[in-house]
Amino acid sequence: MIRRYLFVCGKNRQRSPTAEQLFSQFDGLDVLSAGIRRDSDEQLNGELVEWADMIFVMEKRQLTFVQSNFREQLLGTQVINLSIPDRFEFMEDELVDLLRVKMKRFLP
């Protein structure tokens with residue numbers, strides 16, 4: 001069974017696209033990413049929230065945003081805060097290592 005993971009950060013430019021690229025290589029995972037800001041490269045919407053089996057946010061404010069703005073679309077979907085600060089560049093080694101550690105228990 002394929003699991004659908006959605007990664008969410010602020011603008012979908014650094015952290016969540018890194019997670020998408022990193023974990024899309026895993027068999028058994030279908031991965032997308034989005035941002036909560038209006039100027040995001042891929043803006044989070046209800047369709048993406050409904051698509052996901054699990055949603056991973058990078059910070060508490062994104063957790064709050066998802067839970068308050070997509071209550072109906074979540075329908076019991078688990079939203080997990082990875083607690084990764086907004087201080088990394090796309091595919092930065094430290095970010096990749098941090099994502100691997102924090103996601104280890106969720107990977108096939």
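Use the structure listed above.
Residues numbered from 1 in each chain as written. Predicted model: local features only at pLDDT ≥ 70, side-chain atom pairs only at ≥ 80, totals over all residues. Heavy atoms only, no water.

(A) Structural context of the packing of aromatic side chains. All chains considered together, the criterion is met by six aromatic pairs. With a centroid separation of 5.0 Å and an interplanar angle of 65°, the aromatic rings of Y5 and F56 are classed as edge-to-face. In this pair, Y5 sits in strand 1 (residues 3-9) while F56 sits in strand 3 (residues 54-57), placing the two residues 51 residues apart along the sequence. When sorted by exposure, Y5 lands in the same class as F56, which is buried. Aromatic rings pair up to connect Y5, F7, F23, F26, F56 and F106 into one cluster. (Phe/Tyr/Trp six-rings, centres within 6.5 Å; stacked < 30°, edge-to-face > 60°. Helix = DSSP H or I, 4+ residues; strand = E, 2+ residues; numbered from the N terminus. Buried < 20%, exposed > 50% of the residue type's maximum accessible area, 1.4 Å probe, protein only.)

(B) Inspection of the side chain of R15 at higher detail. Here R15 shows up in helix 1 (residues 15-23). Using a relative accessible area of 2% as the deciding quantity, one classes R15 as buried. From its side chain, R15 meets the backbone oxygen of I84 in a polar contact 2.6 Å long. (Polar contact = N/O pair within 3.5 Å; in protein donor to acceptor, adjacent residues only side chain to side chain.)

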